[in-house]
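Each chain, written out:
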Number of protein chains: 2
Amino acid sequence: MTGSAASASRGRGPRGGDADTRGDILAAAARIFGDKGYAASSLRAIARDAGVDPALVRHYFGTKQELFIEVMRPLERDDARVAALASLPPERRGDALLRLALSLWEDPVASVRLRAVLASAVSAAEVGPTMASMMLRDLLLQLVREDRALERAAACATQLTGLAFGRYVLAIPTLAEASVDELSAIYAPTLQRYLDGDLDAPLPGGEADVPR
Amino acid sequence: MTGSAASASRGRGPRGGDADTRGDILAAAARIFGDKGYAASSLRAIARDAGVDPALVRHYFGTKQELFIEVMRPLERDDARVAALASLPPERRGDALLRLALSLWEDPVASVRLRAVLASAVSAAEVGPTMASMMLRDLLLQLVREDRALERAAACATQLTGLAFGRYVLAIPTLAEASVDELSAIYAPTLQRYLDGDLDAPLPGGEADVPR
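Conventions used here
- Residues numbered from 1 in each chain as written.
- Chains lettered and ligands numbered in written order.
- Predicted model: local features only at pLDDT ≥ 70, side-chain atom pairs only at ≥ 80, totals over all residues.
- Heavy atoms only, no water.
- Contact = heavy atoms within 4.5 Å.
- Helix = DSSP H or I, 4+ residues; strand = E, 2+ residues; numbered from the N terminus.
- Nonpolar A, V, L, I, M, F, W, Y, C, P; charged D, E, K, R; others polar.
- Phe/Tyr/Trp six-rings, centres within 6.5 Å; stacked < 30°, edge-to-face > 60°.
- Lys NZ or Arg CZ within 6 Å of the ring centre and 35° of its normal.
- Bend = angle between axes of the 7 residues up to and from the residue.
- Buried < 20%, exposed > 50% of the residue type's maximum accessible area, 1.4 Å probe, protein only.
- Least-squares fit on C-alpha atoms with pLDDT ≥ 70 in both.
- Salt bridge = Lys/Arg side-chain N within 4 Å of Asp/Glu carboxyl O.
- Axes fitted to C-alpha atoms, helices over the stretch in contact; angles between N-to-C directions.
- Left-handed = near helix turned anticlockwise from the far one by under 90°.
- pLDDT = per-residue confidence, 0-100.

Labelled according to an unreviewed UniProt entry, chain A appears under the name Transcriptional regulator, TetR family, originating from Demequina mangrovi.

Novice: Help me understand the interface of chain B and chain A, please; the structure alone is not making it clear to me.
Specialist: A common way to express how large an interface is: the accessible area buried when the components associate. In this assembly, 46 residues from chain B lie in contact with 46 residues from chain A. No other element matches the 11 residues that helix 10 (residues 149-169) of chain B contributes to the side of chain B that touches chain A. Residue classes in the side of chain B that touches chain A are distributed as 27 nonpolar, 11 polar and eight charged.

Novice: Teacher, can you tell me more about the packing of aromatic side chains here?
Specialist: Each aromatic ring pair is described using two quantities: the centre-to-centre distance and the angle formed by the ring planes. Residue and element names in this part refer to chain A. Evaluation of the coordinates by the stated rule reveals 12 aromatic pairs over all chains. Judged by centre distance (5.4 Å) and plane angle (5°), the rings of W105 and Y168 are stacked. Here W105 is found in helix 7 (residues 93-106), whereas its partner Y168 is found in helix 10 (residues 149-169), with 63 residues between them in sequence. These aromatic residues form a ring-pair network of at least three members: F33, Y38 and F68. The ring of Y38 is capped by K64, whose NZ or CZ atom sits 4.5 Å from the centre of that ring.

Novice: It is not clear to me how helix 12 (residues 180-196) of chain B should be interpreted in this structure. Could you clarify?
Specialist: For the α-helix, the turn length of 3.6 residues means that residues three or four positions removed from each other point alike. Most pronounced at Y187 of chain B, the bend in helix 12 of chain B amounts to some 40°, and the proline P189 of chain B follows within four residues. For helix 12 of chain B, the buried fraction is high: 13 of the 17 residues fall into the buried class.

Novice: Help me understand the relation of the copies chain B and chain A, please; the structure alone is not making it clear to me.
Specialist: Each of the two chain copies goes to the other by way of a rotation about an axis and a shift along it. Least-squares fitting of chain B to chain A yields an RMSD of 0.0 Å, with the superposition described by an axial translation of 0.0 Å and a rotation of 180°. Overall, the copies show the geometry of a two-fold rotation axis. The rotation axis passes nearest to the C-alpha of G162 of chain B in chain B, at a distance of 2.0 Å. Most of the interface of chain B is mirrored in chain A: 100% of its interface residues are interface residues there too.

Novice: Honestly, unusual backbone geometry in this entry has me stumped. Any pointers?
Specialist: Peptide bonds are trans in most cases, and residues, glycine excluded, mostly fall at negative phi. Even without being glycine, A171 of chain A reaches a positive phi, approximately 55°. Within the secondary structure, A171 of chain A is located in the loop between helix 10 and helix 11 (173-176).

Novice: What am I meant to see in the pattern of salt bridges here?
Specialist: Opposite charge on two side chains lets them pair, provided their charged atoms get close. Within this structure, the stated rule accounts for 22 salt bridges over all chains. Between R167 of chain B and E106 of chain B there is a salt bridge, and its shortest N-O distance comes to 2.9 Å. Taken together, the positions of R167 of chain B in helix 10 and E106 of chain B in helix 7 (residues 93-106) put the pair 61 residues apart, joining distant regions of the chain. Taking relative accessible area as the criterion, R167 of chain B reaches 8% and is therefore assigned buried. Shared partners join several salt bridges into a network, and the residues in it are D95, R99 and D181 of chain A.

Novice: I keep staring at the packing of helix 12 (residues 180-196) of chain A against helix 10 of chain B and nothing clicks. Help me out?
Specialist: For any two helices packed against each other, the geometry comes down to the angle between their axes and how far apart the axes lie. Relative orientation of the contacting elements helix 12 of chain A and helix 10 of chain B amounts to 35°, with a least axis distance of 11 Å. For helix 12 of chain A against helix 10 of chain B, the interelement crossing comes out right-handed. For the pair helix 12 of chain A and helix 10 of chain B, the contacting residues are I186, Y187, T190 and Y194 of chain A in the first and E151, A154, A155, T158 and Q159 of chain B in the second. When grouped by side-chain class, the residues that make up the contact of helix 12 of chain A with helix 10 of chain B number five nonpolar, three polar and one charged.

Novice: Is there a simple way to think about the side chain of E70 of chain A in this case?
Specialist: Locating E70 of chain A in the fold gives a position in helix 5 (residues 64-72). Beyond its immediate stretch of four places on either side in the chain, E70 of chain A contacts R22, L26, F61 and E76 of chain A.

Novice: Is there a simple way to explain the confidence of the model for chain A in this structure?
Specialist: Should pLDDT be low for a region, the predicted coordinates there are not to be read in detail. Residues and elements named next belong to chain A. For chain A, the mean per-residue pLDDT works out to 83, and 84% of the residues sit at or above 70. Below pLDDT 50 for its whole length, residues 1-17 participates in 24 contacts with residues either more than four positions away or in separate chains. Within the model, the stretch residues 206-212 combines pLDDT values under 50 with 10 contacts to residues more than four positions away or in other chains.

Below you can see the structure in the form of structure tokens.
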């Protein structure tokens, strides 16, 4: 295992030339995080479980937070679904973003990860910002209008996270029992405005004194 | 302590005729939940700490979930701020609701409770729905338009929870560093539409093909 081989595969696609080592570390991390929880897991224990030197774990994945997010992220930055979403005309992205987010939460593998990340974000303060910046970078910043891009992406994140929390974690009946189309009618316009709308304009649908 | 005295004070205002017993139970519950976490706390341990019979705890507060929420709730149903909000004309409630929610999260006492409830809602599945139904009943259902009231209240809850999560728990810089006025420009129109707008109408601010 050389440094250059490791660099070449780092962060690019699911499998590089040294896929086994990288994959071994990820599998070990999933076991250790799953058994002990985020706070009680160490890079040293993960390295031992994977049979590699801790320095190699750092080389591939950086900090413990970054490794955790890498194990738990439901979506790769270069996921084809994100590229498809970014290729849509801007006015159709709100609805498509909502549907992609709901489909991730309804996927058995991704939803376990999303729930674990949400729980860790509440209880382990150091995970939250890393998770949030990945969600913004991997998904939302690829979709927003250029002006006030960070505010737009963060606003989308707040609505998507809150909806997922109510529908999938709390299972509030009104949210949990709604169809995707019903949710789209309510939430896609919000996302659409955050992604591409005029953030300072009042919304005629919501202002009693604006003509319809 | 008679049953009728307990019934008379139950759920009405901060202090009834048997305020000390009720207050003692709440104080004991706060200690036990704080020390042991939600899952490991029992009504029996809380009763012992308060020096009362477990049946009395049940009589006042119902289930463990209900007692937890009662200890942790940041806002009473008859809070004067909620009444003031409900007395506003509907078109001004979105902004006022946003400002009330932000002020609770910036209050040192209320924010500790909100964070604890959020963490418990993720980790202890049985707390979440009770918490959510209290938030809807104590606050949001008093503010929404009559048609589709539950959907409206739940939609407000998703946006408020997601924003609080991003700003106060994750502390995403874009959200954490924004002023209340800046947040209002972005989020109040969303809440206004959920509270009182046309949920099926497209939002001109967000649709590229609708004239402004």
